[in-house]
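# Working through the structure, step by step
Here is how the chains run, residue by residue.
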Amino acid sequence: MNELAGKHIVLGLSGGVACYKAADLCRLLIKEGATVQVVMTEAAGQFMTPVTMQALSGRRVYSSQWDAREPNNMPHINLSREADAILIAPCSADFIARLVQGRADELLSLLCLARPVDRVPLLLAPAMNREMWAHPATQRNLAQVAQDGAVVLGVGNGDQACGETGDGRMLEPSELLEELVAFFVPKVLANRRVLITAGPTFEAMDPVRGITNLSSGKMGFSIARAAREAGADVTLVAGPVHLPTPRGVRRVDVQSAQEMLAAVEQHAQSASVFIATAAVADWRPATSSSQKIKKDGSGQPPVLGFVENPDILATVARSPHALTGDLFCVGFAAESHDLLAHATAKRARKGVPLLVGNIGPATFGQDDNALLLVDAQGHRELPRASKRTLAHQLVAEIARRLPEQ
Ligand SMILES: Cc1cc2nc3c(=O)[nH]c(=O)nc-3n(C[C@H](O)[C@H](O)[C@H](O)COP(=O)(O)O)c2cc1C
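Bear in mind the structure is a predicted one, so any value in this text is a computation, not a measurement. (Residues numbered from 1 in each chain as written. Predicted model: local features only at pLDDT ≥ 70, side-chain atom pairs only at ≥ 80, totals over all residues. Heavy atoms only, no water.)

## Regarding the environment of Leu29
Within the secondary structure, Leu29 sits in helix α1 (residues 19-31). As a C-alpha pair, Leu29 and Val181 span 152 residues in sequence and 9.5 Å in three-dimensional space. With sequence-adjacent residues up to four places away left out, Leu29 is seen in contact with Leu4, Ile9, Ala34, Val36, Leu177 and Leu180. (Helix = DSSP H or I, 4+ residues; strand = E, 2+ residues; numbered from the N terminus. Contact = heavy atoms within 4.5 Å.)

Right under this line is the structure:
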């Protein structure tokens, strides 16, 4: 999607085995439209040759402050001022310690120190052995660099190159890309708690069968990611879907409408925005057999009775928290026809300030969609685009409608 189009990133590599992942990261950044200038410490050169990074980035790699290629012989000034962000990946324990001390005895730490701090953000992707990571000196240094304005991206957990297992792995290139994209998104939902439902529900008839629908959850998951990128604390209550959890989003998996309601009620109290994208089954089987319902040989199918499911959106919209205006509720309507009429009626019926209509068969499972926003003032179309683009537009629309904090 070219999410980093126009961005110039200085990708700094310090010494660690995770340098091999920096090659992939460089490719991903370029694929998303960024230009990448690689700068390597001397130790990084032990793990990865500049040749590889030059070939991948399409630019000569810098590794010495004495590099005379720059006409003014000051690569630390020139490279830091051209950057929209400096990302150190991998960031060694030693490099973090140097940042804390404001050391400037080699190019990468020198350019970090020389960067204009209010204009050029510094993001760190630490990578080290679990004992190094847990050491009080490292943790103290991390707290200090964060206080000095660096963004510490955290680490992964798992098997390490040294054969040990624990915290300290560098985040995967795709995760770092997600973090960098998120970093550049305006924080219009900062300090907001957003609760989102997504996907279908599954209403069991017996242990192996049930009633569900074709909702893929992609729209709700895209909104959860966009809300988190916009600075919100996001809880995503998901029906049965096969989608990865967006980074930084708290996910609660449920099956039935009743389970979804219970999870929503638990989290709604502390939320300031509720976005109900889930395609909740209107009815569920009146009884659910504990054993598989078998053919009895009579040729007669079993008779299924149904009962109505709770209306999650209406229940939340009628709660005191929403009625006092502390919880902004957004409903979704998946229709097959007469979208404006149905969405307008549903908004009134549910008592929500904003209702988003979409055509069910045109959205279920798709990567793109078109939305119709209906509020008290009227309606507005968000034309067909990727769900990711629409999610960002919707988040901006919601943020505009929230009371000042
Ligand atoms: C095989 C090997 C692997 C290493 N892996 C790491 C690592 O993952 N993280 C780390 O912080 N240091 C690691 N080190 C130590 C650093 O390379 C060392 O502290 C170096 O001085 C860092 O220099 P720099 O910060 O200038 O890049 C490793 C050392 C060796 C020999």
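## Here's the deal with helix α8 (residues 136-147)
Taking 1.5 Å of rise per residue, 12 residues should cover 16 Å, and α8 covers 16 Å from first to last C-alpha, within 8% of that figure. The set of residues buried in α8 consists of Thr138, Asn141, Leu142 and Val145. All buried residues of α8 lie within an arc of 105 degrees about the axis, which places them on one face of the element. Structural note: α8 exposes Pro136, Arg140 and Gln147 on the side pointing more than 90 degrees away from its buried face. The inward-facing, buried residues of α8 abut α5 (93-101), β4 (122-126), α7 (130-134) and β5 (151-152). Just downstream of α8 lies Gly149, where phi reads positive at about 110 degrees. (Expected span 1.5 Å × (residues − 1). Buried < 20%, exposed > 50% of the residue type's maximum accessible area, 1.4 Å probe, protein only. Arc of directions from axis to C-beta.)

## What to know about the packing of helix α4 (residues 75-82) against helix α6 (residues 107-114)
When two helices pack together, their arrangement is given by the angle between their axes and by how far apart the axes lie. α6 packs onto α4 with a crossing angle of 60 degrees between their chain directions and a minimal axis gap of 9 Å. When the axes of α4 and α6 are compared, the pair comes out oblique. Crossing geometry of α4 relative to α6 is assigned as right-handed. Where α4 abuts α6, its residues Pro75, His76, Ile77, Leu79, Ser80 and Arg81 lie against Leu107, Leu110, Leu111 and Ala114. Partitioning the contact of α4 with α6 into residue classes produces seven nonpolar, two polar and one charged. (Axes fitted to C-alpha atoms, helices over the stretch in contact; angles between N-to-C directions. Parallel < 35°, antiparallel > 145°, perpendicular 65-115°, else oblique. Left-handed = near helix turned anticlockwise from the far one by under 90°. Nonpolar A, V, L, I, M, F, W, Y, C, P; charged D, E, K, R; others polar.)

## What about a nonpolar patch on the surface?
On the surface, a cluster of nonpolar side chains totalling about 320 Å² of accessible area is made up of Val17, Tyr20 and Phe47. Mapped onto the elements, Phe47 comes out in helix α2 (residues 44-47). (Patch = residues over 30% accessible without salt bridge, like charges linked within 9 Å, V, L, I, M, F, W, Y side chains within 5 Å. Areas by Shrake-Rupley, 256 points an atom, 1.4 Å probe, with all protein chains shown as cover. Salt bridge = Lys/Arg side-chain N within 4 Å of Asp/Glu carboxyl O.)

## Digging into helix α9 (residues 173-184)
Spacing of three or four residues puts side chains on the same side of an α-helix, whose turn is 3.6 residues. Compared with an ideal rise of 1.5 Å per residue, which puts 12 residues at 16 Å, α9 spans 17 Å between its outermost C-alpha atoms and is within 8% of the ideal. Of the positions making up α9, those classed as buried are Pro173, Leu176, Leu177, Glu179, Leu180, Val181 and Ala182. Tucked into the core, α9 has its buried residues touching β1 (8-13), α1, β3 (85-91), β4, α10 (218-229) and α16 (387-401).

## Section: the side chain of Thr235
Along the chain, Thr235 falls in strand β11 (residues 233-238). For Thr235, a relative accessible area of 5% corresponds to the buried category. Apart from residues no more than four positions distant in its own chain, Thr235 is found in contact with Val194, Leu195, Ile196, Arg250, Val252 and His267.

## A closer look at the packing of aromatic side chains
This structure, assessed with the given rule, holds one aromatic pair. On the numbers, 5.6 Å between centres and 80 degrees between planes, the contact of Phe183 with Phe184 is edge-to-face. Exposure remark for Phe183: the relative accessible area of 29% places this residue in the partly exposed category. Taking the relative accessible area as the measure of exposure, Phe184 reaches 25% and is therefore partly exposed. The ring of Phe184 carries the charged tip of Lys7 above its face, separated from the ring centre by 4.6 Å. Positioned over the ring face of Tyr62 is Arg69, at 4.2 Å from the centre of the ring. (Phe/Tyr/Trp six-rings, centres within 6.5 Å; stacked < 30°, edge-to-face > 60°. Lys NZ or Arg CZ within 6 Å of the ring centre and 35° of its normal.)

## Some points on the sheet that holds strand β17 (residues 354-359)
As summarised here, the arrangement of the eight strands in space is β12-β11-β8-β13-β16-β17-β18-β19, forming an open sheet in which the pairing is mixed. The open sheet has two edge strands, β12 (250-253) and β19 (378-386), and neither has a second partner. Averaged over all adjacent pairs, the angle separating strand axes in this sheet is 15 degrees, with direction ignored. The pairing of strand β18 (residues 368-375) with β19 spans seven bridges and is antiparallel. Bridged to Leu371 within β19 is Leu382. (Pairing = 2+ DSSP bridges.)

## Some points on the UniProt feature "domain: DNA/pantothenate metabolism flavoprotein C-terminal" (unreviewed entry) in the chain
In the numbering used here, UniProt assigns the "domain: DNA/pantothenate metabolism flavoprotein C-terminal" (unreviewed entry) feature to residues 189-400. In residues 189-400, the share of helix is 30% and the share of strand is 30%. The end C-alpha atoms are 10 Å apart. (UniProt positions renumbered as here; feature names shortened; annotations may be inferred.)

## Re the sheet that holds strand β2 (residues 35-40)
Spatial ordering of the open sheet is given by β2-β1-β3-β4-β5, a layout of five strands whose pairing is parallel. The open sheet has two edge strands, β2 and β5, and neither has a second partner. With six bridges joining them, β1 and β2 adopt parallel strand pairing. Directly across from Gly12, in β2, lies its bridge partner Val39.

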